[in-house]
Structure formats: structure tokens, C-alpha cells
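Report on the structure
Here is what each chain is made of, one letter per residue.
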Amino acid sequence: MYTMIKFLSTFFKISIMIFEIPFHSRIHPVIVAVKLFVLVFYLFSAYKVYKKQNSTLNKCFATSFVAWAGFNFFDIIVLYIAPLSYTAFIIAQVFWRIQLLMLFILTYFTYNTACIVQSSLYIMKEKKQLLLQISILAISYIILAIFSNISIQYASGAPLNPVTDLPPNDDFVVKDVFGVFAVIFVVPLSFYLIASFRLGTIAKSLKNKELKRKVIYTIIGNLLIPIGLIYFLIRDLIWEATILNTAIGQVVFVFSPIFIFLSQRSKST
């Protein structure tokens, strides 16, 4: 009992020390750990899915996993280098747009995994449909890439001039600035909702409990990503970024790969 109490006391003290670290002293270690976990878990899942069967469906799954891992990788890089100097800030703007591209690649392949599950390989042979999907997502991405960016503000809310004020001499926040163009996220969100509706239709018709479980887990895993993104969009509009409200959003992202991974496993493994 004494050992357990001592362990919990030590754990509590370490937790307090971690959460007292300024939120952007580059990136908070808790957030880095979560993002790295998601990154590694998705790469691991991509490898397992691709190795399991070299099919079009599994290739789409694997590519979507790699895209989301890439999103988290560039997110860490952007948050770390953006405040270092003006030159680093400009490079971070480029990486941020690559990160945004990963999100749209993820959306495309996630949508088509649902289409393949519902309609076999037929959808992948419909070049007009694929071209339409790519065109809609590409136009949406280009609009966001041109009219959106990242900015750095002091924790007090005061604007920071990246030319003269980097690196910051006080606590700061790296923010995504979408403005009215945040409405563009309706496009990838619609793709996710349609994909989930397709999978939901399949789940209802399945009699095999194991297959139904896999489809339901896939739906949950796919939906957690847009739910997390919507949360952060709303968070940035309403609240100041803190370690607590950021950790809440990251927890949503953590459960996404877990559900996706479980959807690929059978009960016998």
C-alpha cells in the first residue's frame, strides 16, 4: 500500500511539473507525445494492413493511414520551427500547406475505401467520378492554401510581427488562420459523412456480427478525425489554446487509429 501511495504521489508531482511547462516552449511534451503516438500507430497500421493483403482496398487504407501520419509529422515540425526566426517562419508556412495537403489526401482515400467496401472495385474504374472527387478536393485545397496561413501571437493576444519579433520573448501561440475560408472544411467533412453513411448502410445489412463490428469500428475511426478537426476549429474561435483543451482534442485523434486498427483485426488474433 505504501509503495502504491508513493508511486501515485510521484506520478502526481511529475504530472504537475509537465503541465506547468509553458504551452509553447516550443511544443508541450504531452502534445508531442500524443502526436508521435498517433504518427507511429498509423504508420504501423498502414504496414500491417498493406502486408495483410495487397488489394486495392488495403492500398487505399494504407495510403490514408500514411497521409494522416504525415499530417501529424508536419504538425510537429511546423509548431516547433515557426517561432525560431523569420526564415523558419516562412519555411513553416510551406510545411503547413503540405500538412494541409495530407488532410485532403486522407479525405480522398478514406472516402474511396468506403466506396470500395460498398461497391467492390467498380468505383475505382469510374474515372469520371474519381476526376470529379479530385477536382472538388483540389479546388478546396488550393483556396485554403492561398488564403489561409499560420500566425504567431503572444499568449496575451497581442499580435507578433514575424519579421522583428522572432523568436518571441514571452509565451506565445501558433495559430491556424482560416477566417471566412474555414467554411471550405465543409467539403472534406461532407466526404467523411458520405463515406460513413455508405459504411453505415453496409453495417445495417450485415448478418455476420464480426463483419458488422469491423465496419462499425471503421466508421468510428474515420469520423473521429473530422470530429477532432471541427473541435479545434471551434476551439480557436471561442477559447485560448491551453494544454488542457488541446489535450482533449488530441485524445480524439488518439482513439481514431485505435478503432481503425481494431477494425482490421479478427477476434482470433
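Above this text sits the structure in question.
Attention in this report is confined to the structure presented alongside it. From a predicted model like this one, the values you see are computed outputs, not experimental measurements. (Residues numbered from 1 in each chain as written. Predicted model: local features only at pLDDT ≥ 70, side-chain atom pairs only at ≥ 80, totals over all residues. Heavy atoms only, no water.)

1. Quick notes on the packing of aromatic side chains
Taken as a whole, this structure holds 16 aromatic pairs when the rule is applied. Between Tyr-111 and Phe-191, the aromatic rings sit 5.1 Å apart at their centres with planes inclined by 70 degrees, giving edge-to-face as the arrangement. Separated by 80 residues along the polypeptide, Tyr-111 in helix α4 (residues 86–119) and Phe-191 in helix α7 (residues 186–205) bring together distant segments of the chain. For Tyr-111, a relative accessible area of 10% translates into the label buried. (Phe/Tyr/Trp six-rings, centres within 6.5 Å; stacked < 30°, edge-to-face > 60°. Helix = DSSP H or I, 4+ residues; strand = E, 2+ residues; numbered from the N terminus. Buried < 20%, exposed > 50% of the residue type's maximum accessible area, 1.4 Å probe, protein only.)

2. Regarding the packing of helix α2 (residues 29–52) against helix α3 (residues 56–81)
Where α2 meets α3, the closest approach of the two axes is 8 Å, and the angle between their N-to-C directions is 160 degrees. The orientation of α2 relative to α3 falls into the category roughly antiparallel. Helix-helix and strand crossings are classified by hand; for α2 and α3 the assignment is left-handed. (Axes fitted to C-alpha atoms, helices over the stretch in contact; angles between N-to-C directions. Parallel < 35°, antiparallel > 145°, perpendicular 65-115°, else oblique. Left-handed = near helix turned anticlockwise from the far one by under 90°.)

3. Observations concerning the environment of Ala-145
Examined against the element boundaries, Ala-145 turns out to sit in helix α6 (residues 127–147). On a C-alpha basis, the gap between Ala-145 and Arg-97 in space is 5.9 Å, while along the polypeptide they are 48 residues apart. Those residues in contact with Ala-145 that sit more than four places away from it in its chain are Arg-97 and Leu-100. (Contact = heavy atoms within 4.5 Å.)

4. Some words on the layout of surface pockets
To find leftover empty space, one rolls a probe the size of a water molecule over the atoms. Computed from the structure, the largest pocket encloses a volume of approximately 810 Å³. For the largest pocket, the lining is made up of 37 residues, of which Asp-176, Phe-178, Phe-232, Arg-235 and Asp-236 are closest to its centre. Those elements that provide at least two residues to the lining of the largest pocket are α2, α3, α4, β1 (149–154), β2 (172–177), α8 (209–238) and α9 (243–263). In terms of residues, the lining of the largest pocket owes the most to one element, α8, which gives 8 residues. (1 Å grid on protein atoms, 1.4 Å probe; cavity = no way out; pocket = protein on both sides within 12 Å on 5 of 7 lines; lining within 4 Å. Points joined across faces, edges and corners; volume = space filled by probe spheres on them.)

5. Focus: the nonpolar core
Core analysis: the biggest nonpolar cluster contains 65 residues, and Tyr-42, Trp-68, Leu-100 and Ile-152 have the highest contact counts within it. Sorting elements by how many residues they give to this core places α4 first, with 13 residues. Ignoring anything within four residues of it in the chain, the contact list for Leu-100 reads Tyr-141, Leu-144, Ala-145, Phe-178 and Phe-185. (Core = buried A, V, L, I, M, F, W, Y, C linked by side-chain atoms within 4.5 Å.)

Functional significance is not addressed by these values, which are geometric in nature.
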